[in-house]
Structures are given as structure tokens and as C-alpha cells.
Amino acid sequence: MKNKIVFSLWMVFTAFAVHSQSGAAAAPKTRWFTAARFGMFIHWGLYSAAEGMWKGERLRYGNNYAEWIRYRNRISKDEYGELARRFDWNRIRPEEWVLLAKKAGMKYITITSKHHDGVALWNSKASDYNLTKLSGTNRDVIKELAAACKKHGIKLGFYYSHWVDWDHPYGWDHNKELTGIKDEDYDKYWQEKVIPQLRELLTNYGDIAMFWFDMWLDYKKTVVKKEQLDQVVRLIRELQPNCLINSRIGLPASDPGVDFESKGDNEFGSVYTAHPWETSGTIAHSWGYYGQENEWKSTSQLLQSLIGNVSLNGDFTLNIGPRADGSVPYEGVRRLEDLGTWLSKNGEAIYGCTGLELRAGQHDWGRITTKTAGNKQLVYLHVYNWPLDKVLRLSGILSKPEKAALITASGKKPLKFTQNGPLTHLQLPEQAGDPFVSVVVLQYPAPVSLDGEMVAESTFGGFALTGANVWEKNRDFKLERYDGLRPTRLVIDKEGMLNWEVYIPEAGSYQLDLSYHNHSKEAATVAARVTDQYLEQQLPSSGTIVAEPHQSYTDEFVDTRLGQLRFPQAGFYQISLRAVPGAGPLYFNRIWISKTR
């Protein structure tokens, strides 16, 4: 604990806990995965030829995932199989996908070897309902992709839909929630198709880096049995001991059969997680090719998704959906080229990196990644929003850097900086280092010392004390996140106390402004205290605001000036707020602390 100016607390509190990166070290076979950080997902199959349309009708039931068209548009097996005629084998070159991944800076590829439609991409002996047979070709896309990955140094993984299969008579489709299925019948599917096809993939295509299964529920909520999953795990461990298995096999990330956690589709990290994990995300909206697609994500959005995950110890697996002729839509190619250009310059801030033990997202200018190089620690500041005053404010690192530099296309440009306790200010040039995300690298002589409790300094020079960065609070106060109408707020429904740790950079007077909503017609009471100084105020009912004319009404959050506090010297302070709600809950938004001018 650092030396701090403190005061007596009025209550017993629950200490804020920062998610630590000091968990168990990753298993040796996952080290390549946690170093790679960025990979490609490829959704390609019979659905690619339908392009999200069937007989003039768009995909039904709303989600516009083109790979679901057979099930959602109720297409017969025979008619669906005829889509294979639309594949142009003179133009399909899997090596081009590998080259595109390599150009984008990706380190691994996972392809949908069999999706929910039950159609294998290779000439499976376990099922004639495969792309090779249906197309009347002798091509094996999986074999060609495996050869190209080996040639270009990209690791290969297979997506395999084990739970859902719309082809096999005893495979699961969601309509069986209505009709039911006997366990012994489902096991016939498992033994006749799943196990033989997995064996083919594990024995015919060289080293396989991972199997990506796609059961987004715990197996206990499905027809699948634990012994069936254990059978799959044993088979993989026997035939390819170094092959990784993801959690969407239907098991928790803590299960010994799981090597890394796969979050939900397009679900990104929110806290630092010690074990290996990844997000699979789309470059647009649909996973399979959708001819009506118009929801392409921007390069900045994709970069921030990658950086954000790495800052929390995660990977990002970005999906493309090629057409039936193998081509990748222009918009997707452009995004991947932009990502590759950025990584060719800034890749050192991604590959082999993890995050710091600071609150996730506490800096309003961007995110932080880090790694060690020899006996040095490198800390990378990913700047999403170039500060107007050209001062980058870093909070929470107590160590002093040896040097700082901005990464640019022409090399690293040294930056001047000042250190004041846990606050580091870097003087930036007028021109950002990159049009998408600029990277500043700090070098420290040894592993850094951190303060993960303090409130970060804002880009605007003040400090926002919120329910998300509170150090101590009543255990049962609920934090409700921004819902599109109301800001993130702490629901105070009984008398209680909030405490924050703040580092005041210089002595002087600071003003405190409170933002709140009072549900009750009775006034609430708040009292702010630092050392022996005390500010108290009554908070009247704040009523309602019209968010959109004739459409929506919501709680009004109002600002009120609590007053001024004087800090006799620079240093750490504990700032407390005692709150007594009226007859209804008090919604606390923030306290803003800024130096009096």
C-alpha cells in the first residue's frame, strides 16, 4: 500500500478487486495461440451459393446469418444439394485465402469443415452428402488449404458442427425441441458421422492446430451427453495431442478437455482473463456470404476490437465469407489490407502481448498492451482519440519509463514526458502516428509497479468518479450500465458510502460537480468528505426528460455543484460520498473533480 492521506471510514466496505494476470501460466501447447493474437475464420459451404436468398425470398426469422438458410427457409435436402452446381471450380483457389490472411497479419485460419447444414467440405467416407460429391469434382478444398497453410507458415484449424446437423436423420435441429429425439438415436448420429468425420480430419491433413466446436450452450442444456464429448476429447488427444479444443465443445473453460475459451459470437472482452480466450467476430454482419450485406465494420472498429481483446489477454478471430467462386467481397479485402498495413508497422504492440492489471477501459483515449523484451518491460498505448491539447495522460503506472516514442511510418519518434506519482504526461506532436490507431511505446527498466485502484485522469484533465471505478462501496449497490437512454449509474436504495482513490497532481482548490437522478419526490442527501473537509447537499427530485419527441421519455440526470475542496499537497487521497436516498432510489452517475481556475 502506498502512502496516502486518509480519513476514518464510517462503514465497513468491500474492497475493489482488479482482475489479475497472475493466474496459472498457459500450457505450453497454447503459447503459440496467446502469442498469435489474430486469426482468420472462414465460413464457406453450400450456403455460400445461396447468398442469403432462396427463390426470391430473403432469409427468414431476422438474424440474416446466410449460413442458416436451409433451416430457416425450410429447404429440402435435395434442392439444397443442387446449390453445389453454382460452385466455379476454375476460380476457387484456397491458397488465395491463405495469402489474404498472411497479408492481413493473421497467424492462423479456421475453416468450417462442416457447418450445421451437415455438408462436409471434403470427400468424407462417412457421408456422401459432401461438397466434393455434390459438385462432381475431384477437388479437396481442405487438402488444398492445409497445403497452402503449411507453405506460408499459417496454422490451420477446423470448425466442426458436432451438436447440430440438418442432414443426418438423427442429427439435432432445433425443431426437435418440438418432436423430441431418443438418446440412442442421437448417439447413432454421433457414432456414424461425428466420430468418423473427426477421425478423417485428424488423420488426413497433417498437423491441426485447433478444433473449433460450435455449441453455444452448456451440454447439459442440450441432447449431447458428457460421455460423447469425452469421446471427442480422447480422440483428439490420441491422434493430435497438440491440437487445441475450444470451450464451445459444450464444456466450461475450466474443464481439462478445454484449451481455450471461445466467447459468444462478436462478444468481446470486458475484464482481464488469465486463461487463453478468443472472440470470433464478423467483418460485416453475416458469417456466410450474404449478397444483400450492407453492415461492413470500419477498419477502426475492427482494430479496436483486436486491441481491446489483446489488452485483456485475448485473441480475435475475424471471419470472412467467400462466395461460391472463392472470391472475397471487395469491402472485406480492403479491411484486411488496412489491418495488415497497420500490423506491419505496429505489430509489436499486438503479437506476444497481454494487458496490465489496471481497470479495463479506464483510459478514455484508448487501450494498453504490454510484453517483456529481455529484462525490459514495454508498454504500448493505443491512442484511439488524438488529444486536442497534445498531452496523453496515462494513469496507474508508478514506475518511471526510461524512454517514450511514437511509432510512425518512418520509424519511432522520441517523445518528451513528465512523471508525477502514478500520472505520466506525454507530449505528442501535432500529427497522429497513424490514421486509424496511433501507438506510443514506453520502455521500463524492470517490471512496472501499478496502482489498479486509482481513478484515471481524463483526457480533459479532470477526474470522473463513477460507479464503475469506485474503490469501496456497499456490497449490494447495483451498477446498471448505459442502456441507450440513461447513463451508467449506481442504484443507491439505502443509506451507504462510496469511496474512491484519487491522485491529486498539485496542491490547490478543486471543485466537485455531482450528476444524479432522484426517483423520489423527497430530497436525497449526499455528503462528500476528504480528510477533515466536508460538503453536504440536498438533492431534489430530478423528474423526467423527453429523449425523443412523442417517442421516449426517460429519467433526467442533473448536474449540481457540491462545492470546493482544498488539497494541501500533491498525493493520494481517499474521497468519500455518503448518500441517503429519499423514499425511492438515488441514481448516482458521477462526481467530476477539476482544478479551480
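Residues numbered from 1 in each chain as written. Predicted model: local features only at pLDDT ≥ 70, side-chain atom pairs only at ≥ 80, totals over all residues. Heavy atoms only, no water.

Peer 1: What should I look at first to understand the pairing of strand β7 (residues 210-213) in this one?
Peer 2: Along a regular strand, successive side chains alternate from one face of the sheet to the other. On β7, burial covers both faces: Met210 and Trp212 on one face and Phe211 and Phe213 on the other are all buried. Where strand β6 (residues 155-160) and β7 come together, four bridges link them in parallel fashion. The residue bridging Gly157 from the neighbouring strand is Met210, located in β7. Of the pairings in the sheet, the one linking β7 to strand β8 (residues 244-245) comprises two bridges and is parallel in character. Bridging across to β8, Met210 finds its partner in Leu244. (Buried < 20%, exposed > 50% of the residue type's maximum accessible area, 1.4 Å probe, protein only. Helix = DSSP H or I, 4+ residues; strand = E, 2+ residues; numbered from the N terminus. Pairing = 2+ DSSP bridges.)

Peer 1: It is not clear to me how the sheet that holds strand β9 (residues 261-262) should be interpreted in this structure. Could you clarify?
Peer 2: The strands making up a sheet associate through backbone hydrogen bonding, with each pair oriented either parallel or antiparallel. What the eight strands build is an open sheet, ordered β8-β7-β6-β5-β2-β11-β10-β9; its pairing is parallel. Edge positions in the open sheet fall to β8 and β9, since each of these has one partner strand only. Taken together, the five bridges between strand β2 (residues 38-42) and strand β11 (residues 314-320) define a ladder with parallel strand orientation. Its bridge partner lying in β11, Gly39 is registered against Thr317. Packed onto the sheet, helix α9 (residues 183-204) meets β5 (108-114), β6 and β7 and runs at close to 170° relative to β6. (Contact = heavy atoms within 4.5 Å. Axes fitted to C-alpha atoms, helices over the stretch in contact; angles between N-to-C directions.)

Peer 1: Would you explain the packing of aromatic side chains in this entry?
Peer 2: In this description, a pair of aromatic rings is defined by centroid distance and the angle of the planes. Inspection of the entire model under this criterion finds 31 aromatic pairs. Taken together, a centroid distance of 5.8 Å and an interplanar angle of 80° make the contact between Trp32 and Tyr108 edge-to-face. Taken together, the residues span a long stretch of sequence, with Trp32 in helix α1 (residues 31-36) and Tyr108 in strand β5 at a distance of 76 residues. Ring geometry for Trp500 against Phe588: centres 5.6 Å apart, planes inclined by 40°, an arrangement best described as tilted. Linking Trp500 in strand β24 (residues 496-504) with Phe588 in strand β32 (residues 586-595), this pair joins segments that are 88 residues apart in sequence. Overall, the relative accessible area of 0% leaves Trp500 in the buried class. A residue is classified by how much of its surface remains accessible, and Phe588, at 2% relative accessible area, is buried. (Phe/Tyr/Trp six-rings, centres within 6.5 Å; stacked < 30°, edge-to-face > 60°.)

In short, the description is geometric, and any link to function would need to be established separately.
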